Amino acid sequence: MKLYFEEYQYPIELLKDNLGDGISLSYHNGTANIPYVGYYYNSKINDVVFILPKVFISENGLAFNEYKPEEIIDLSPDNNPLKIKANDEVVFELSVWLYQAIHHYYERRQNTTITSDVQLQNVRPIGEKKSKTIIEIILALRDFHKKHKNLFTYVALVNSSGNNKIHWTKTMSKVQPTLQDGNPYYMDFRNKNKVINYDEELISLFYSVLNYLSKSYSFKYQQVSGYTILKPNKIQSLIDSCKGTRWLKKIRRNYFTDELVELWNLLYVFFERAELIASGKSYHEKLLVSNFNLVFEDMIDLLVSDDRKDLPEELYKQQDGKLVDHIYKDKSLIDDSNCIYFIGDSKYYKETTEYGKNSIYKQFTYAKNVVQYNINVFNNKDTDKMKGCRYRDSLTEGYNITPNFFIRGKMDFDNPKNHEMKLHKDNIFERHNEHFFNRLFDRDTLFLQSYDINFMYVVTSYVNNSEDVSVKKSIQTMFRNDFISYIEGKFEFSVLEPKNGISLKDAVDKHFKKLNGKIYKPEDTDELVILALDKDKKFQFENLTLISLIEDDFYIYDYHLGTNPNEIKRHIQYQYFDAEIQIAAESEVEYKKSPSKYKQYKTSDESVLFGTYRSEDHLKWIVENKKYNVRLGNRTGAVKRNKQIISASYLVLYNMKNMSDYRIYILSDNHHIWDTEKMKKMSYPVSDSNANNQYYIYNIIGESEKKIFGNIDIEKIINDKHNEIHEVTKSPVAEGTPIYVYRSEIN
């Protein structure tokens, strides 16, 4: 048996003799590769050639991640590295699985890119013109052995029962005894052995053929004891002399049971084919595919996709001419009440191959086309075609999340014969497409993930024609759960419910410009919408601003993708800055109990920050850098979230040791959030340089005249505010903690 790998560059001299003229090669600078996967019988060398897919070559260019492909071509010699490590048996097993996969694809698709010079049929009685390939014959013999072990054991036991027992009647009538002391002694005996047992003869020949083939094709089988095994050279002699078929014809009429008749047919087909090849007559058979990626695509489609008959044709045969590899309908990522189409593209690549820009672009286009198709259905109100899928919410004009993924076959080189279901996410690969940032529910916001699946699991499932609904559903569930985890890792989700008797429509309309693309209303909710905010630090200020603007009109509840928004119970406040206690903490019950405690000011009323400086060095840094910072997080003196932080227009900077000594600065609308490392680079006098803290940074435009606020009693304002904060939080406020007041509160 000869072994090659698809598209591997071999020296030309290693290909010519074994492949002959039966396979076209692709030449390049003194080397050539085989652009096929499959099986080829070369009558010139009287041997089988297997061409395995390139996925069996690892990223370091080694077959099975261990052998140089040039050194393992001929599996016959004992010094072949595969044989030395007893891995030659693995090669045959993998080869026949792939052979069957291509054959199965040929039967399913009848694709013109497959070349087949034989018709593959089941075993036929003598006289039938249709026949099997060598590989099909071997597989049929092995399969018969697996299914009829009990038969072989039973025949051996029956035939051996009573054998070698003395037949005394025959012994006394045929053998002359020796007399000693008047007693007869027999030196020879006649036993009950049968002269010929035809069942045993046929089964012995069967095991002899299996043994002969196992030596040539490197596979194992378990023999039942009690049968005589002919050596491989004896079987070869029967083939060369054409005595195998003559022997079988001679004993044909001795078998009547169905099992033994089937076995006789199998053996006759084998000897007939082997004798034809040995006669030197022109003989040729092959089953090759030039685009194995099409076979792999069909494998994945059978494993994960919905039946095309159950899908609108426009979804997989798109109007711009693009053909979608895999598409199926599953529960929406947002909630369980609606469905969404999952769009996949199978990639048959070696380990070293990255996804190209064209593939990524096309995959996003597939998703956009699917979205547009469903929007057209939505606009036309074609309820028959919608069938529970909802891509856009008319109230918020938000778009549902469309899952999009690549799936690639990957070999388990530690155990190549491993057929277990393994699906792993490629955590390195991550692509997304967006028009507007921080808008998950925008139609142009799309995410593309990549997954590796055990290649041999896909092959064996395909060969076995496995369409187990439970297996397919489990794989689809894995995709959905992983997408939910991925999206939740990038976005923070909440449920918004209007407060103060305002309707959901009015609340959404009021803040539509700010909420557009960030909210989506599931179909089965009444007065709730889902809010998604990007967790990236660069959007923290934007998100804080949004929350501050809408919290007067919405209650905010915790939410996780895939759950029912109507069952949300836990009231939350967005805790940016890692704050555990909220200055603006509010719940529906507390608000009704004491409305005056939560006195609201118009957002147009300017916010004023009262901050201190600790030393002359601190003041110098503020003046020279034109920046003022407040602490964030859970530490002494840190500020907690409220809308005044982001809207502060002025800074009243006072001396902690003398509050009557103060200055007033005008603040820019441009704010930052810096960490300790950034502050150190800016030469800020950080008290704890080893801590990983965060700071909210204000930019100072310039100094203002003090008369802008009139006379300010800083000590009274700070004491009053500290008492107010203490009443809400029940915690003391550290000296020097920045406080925020509205301008109307100063005088």
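Parameters at a glance
Sequence order as written defines residue numbering, which begins from 1 separately in each chain. Only residues with pLDDT of 70 or above have their local features reported here, since the model is predicted, and side-chain atom pairs are shown and tallied only from 80 upward, although totals for entire chains, interfaces and linings are computed over all residues. With hydrogens and water excluded, all non-hydrogen atoms of the structure serve as input to the side-chain values. Secondary structure elements follow DSSP: runs of H or I no shorter than four residues count as helices, runs of E no shorter than two count as strands, and numbering proceeds from the N terminus. Only protein chains enter the area calculation, which uses a 1.4 Å probe; residues under 20% of their type maximum are buried, those over 50% are exposed, and those in between are partly exposed. Contacts are residue-level and defined by heavy atoms, with any inter-residue pair within 4.5 Å sufficient. In these tables, accessible area is a Shrake-Rupley quantity obtained with a 1.4 Å probe, and a residue counts as shielded only by the protein chains included in the view. Strands are treated as partners if at least two bridges between them are detected by DSSP. The way it works is a 1 Å grid over only the protein atoms, where trapped points that fit a 1.4 Å probe form a cavity and open points with protein on both sides within 12 Å along at least five of seven lines form a pocket, and then any residue with an atom within 4 Å of a point lines it. Grid points are joined across faces, edges and corners, and a volume is the space filled by probe spheres set on the points. Classes in brief: Ala, Val, Leu, Ile, Met, Phe, Trp, Tyr, Cys and Pro nonpolar; Asp, Glu, Lys and Arg charged; the others, Gly included, polar. Here a salt bridge means any side-chain nitrogen of Lys or Arg lying within 4 Å of a carboxyl oxygen belonging to Asp or Glu. A residue's pLDDT is the confidence the predictor assigns to it, expressed on a 0 to 100 scale. To get an axis, a line is fitted to the C-alpha atoms, and for a helix only the part in contact is used. The angle between two axes follows their N-to-C directions and goes from 0 to 180 degrees. Pairs of N or O atoms within 3.5 Å make up the polar contacts considered here, provided that, within protein, one atom can donate a hydrogen while the other can accept it, and that residues adjacent in sequence are counted only when both atoms are side-chain atoms. Note on terminology: pairs of cysteine sulfur atoms within 2.5 Å are recorded as disulfides. Angle categories: roughly parallel below 35 degrees, roughly antiparallel above 145, roughly perpendicular from 65 to 115, and oblique for all the rest. Left-handed describes a crossing whose near helix is turned anticlockwise from the far helix by less than a right angle; the clockwise case is right-handed.

1. Quick notes on the overall build of the chain
Along its length, the chain carries 25 helices and 26 strands. Across the 747 residues in the chain, those meeting the buried criterion constitute 50%. Pairs at least 24 residues apart make up 71% of the contacts formed inside the chain by residues separated by at least 6 positions. Accessible surface for the chain amounts to roughly 37,100 Å². Of this, 46% is attributable to carbon and sulfur atoms.

2. Some details on the pairing of strand β21 (residues 607–613)
The element β21 is largely enclosed, with a buried count of 7 among its 7 residues. Side chains of β21 alternate between two faces, with Ser607, Leu609, Gly611 and Tyr613 and Val608, Phe610 and Thr612 buried alike. Pairing analysis gives 7 bridges linking β21 to strand β23 (residues 648–655), with the strands arranged parallel. Each residue of the ladder has a partner; that of glycine 611, found in β23, is leucine 653.

3. Some details on the environment of proline 312
Secondary-structure assignment places proline 312 in the loop between α11 (292–304) and α12 (313–316). Classification of proline 312 by relative accessible area gives buried; the value is 19%. Taking C-alpha positions, proline 312 is 9.8 Å from tyrosine 373, a pair spaced 61 residues apart along the chain. Excluding residues within four positions of it along the chain, proline 312 makes contact with Tyr341 and Tyr373.

4. So, empty space enclosed by the protein
For the coordinates displayed, the defined rule picks out 3 cavities of 30 Å³ or more. Computed from the structure, the largest cavity encloses a volume of approximately 70 Å³. Residue lining of the largest cavity: Val371, Tyr391, Tyr399, Asn400, Ile401, Thr402, Leu440, Asp442, Arg443, Thr445 and Leu446, and that is the complete set. Tallied by class, residues from the lining of the largest cavity come to 6 nonpolar, 3 polar and 2 charged.

5. Quick notes on the pattern of salt bridges
Pairing between side chains of opposite charge can happen when the charged atoms of each approach one another. In total, this model carries 25 salt bridges according to the counting rule given. Put simply, aspartate 553 and lysine 510 hold a salt bridge, and the shortest N to O gap is 2.9 Å. Of the two residues, aspartate 553 is situated in the loop between α19 (540–550) and β20 (554–558) and lysine 510 in helix α17 (residues 504–510); the sequence distance between them amounts to 43 residues. In this structure lysine 510 comes out as exposed when scored by relative accessible area, which is 54%. Close ionic contact of lysine 707 with glutamate 705 constitutes a salt bridge, the shortest N to O distance being 3.4 Å. Residue lysine 707 shares its accessibility class with glutamate 705, and that shared class is exposed.

6. Structural notes on the confidence of the model for the chain
With 84% of its residues at a pLDDT of at least 70, the chain reaches an overall mean of 81. Across the chain, strand β18 (residues 519–520) holds the top mean pLDDT of 96, while helix α20 (residues 588–593) sits lowest at 37. Low pLDDT, under 50, characterises residues 119–129; the stretch is placed with 24 contacts to residues that sit more than four places away or in other chains. Segment residues 573–604 is flagged for pLDDT under 50; beyond a separation of four residues in sequence, or across chains, it makes 67 contacts in the model.

7. Some words on the sheet that holds strand β25 (residues 694–704)
Spatial strand order, β22-β25-β24-β23-β21-β26: 6 strands in an open sheet with mixed pairing. Each edge of the open sheet carries a strand with a single partner, namely β22 (627–631) and β26 (739–742). Each strand axis lies, on average, 40 degrees off the axis of its neighbour in the sheet, ignoring direction. Where helix α24 (residues 714–729) meets the sheet, its contacts fall on β21, β23, β24 (658–675) and β26, and the angle it forms with β26 comes to roughly 105 degrees.

8. Re the side chain of threonine 396
On the secondary structure map, threonine 396 appears in the loop between α14 (383–386) and β13 (403–410). Taking relative accessible area as the criterion, threonine 396 reaches 0% and is therefore assigned buried. A polar contact is formed between the side chain of threonine 396 and the side chain of aspartate 393, at a distance of 2.6 Å. Within the structure, the side chain of threonine 396 is placed 3.4 Å from the backbone oxygen of isoleucine 519, a separation counted as a polar contact. Apart from residues lying up to four places away in sequence, threonine 396 is in contact with Phe512, Asn516, Ile519, Tyr520, Lys521 and Val529.

9. Notes on the state of the cysteines
As enumerated under the stated definition, the model contains 1 disulfide in all. Through a disulfide, cysteine 339 is tied to cysteine 389; the S-S separation comes to 2.3 Å. Disulfide cysteine 339 to cysteine 389: torsion about the S-S bond roughly -115 degrees, handedness left-handed. With cysteine 339 in strand β12 (residues 339–347) and cysteine 389 in the loop between α14 and β13, the pair connects residues that are 50 residues apart, well separated along the chain. Note on cysteine 389: relative accessible area 5%, which makes it buried.

10. Focus: the pairing of β23
Burial of β23 is extensive: 8 of the 8 residues sit out of reach of the surface. Of the pairings in the sheet, the one linking β23 to β24 comprises 6 bridges and is antiparallel in character. Pairing of leucine 651 across the sheet is with tyrosine 665, part of β24. Hairpin connection from β23 to β24: 2 residues lie between these consecutive antiparallel strands.

11. Thoughts on the sheet that holds strand β19 (residues 529–534)
Strand order in the open sheet formed by 4 strands is β18-β19-β17-β20, and the pairing between neighbours is antiparallel. Among the strands making up the open sheet, the edge pair consists of β18 and β20. Taken together, the 2 bridges between β18 and β19 define a ladder with antiparallel strand orientation. Bridge assignment links tyrosine 520 to a residue of β19, and that residue is isoleucine 530. Where helix α16 (residues 469–490) meets the sheet, its contacts fall on β17 (491–498) and β19, and the angle it forms with β17 comes to roughly 80 degrees. Helix-sheet contacts for α19 involve β17, β19 and β20, and the interaxial angle to β19 is about 150 degrees.

12. With respect to the packing of helix α3 (residues 88–109) against helix α15 (residues 455–463)
One way to put it is that α3 packs onto α15 with a least axis distance of 9 Å and a crossing angle of 50 degrees. Relative to α15, α3 is oriented oblique. Our pair here, α3 against α15, has a crossing hand that is left-handed. Residues Leu94, Trp97, Leu98, Gln100, Ala101, His104, Tyr105 and Arg108 of α3 lie in contact with α15, whose contacting residues are Phe455, Met456, Val459, Thr460, Tyr462 and Val463. Considered class by class, the residues forming the contact of α3 with α15 number 10 nonpolar, 3 polar and 1 charged.

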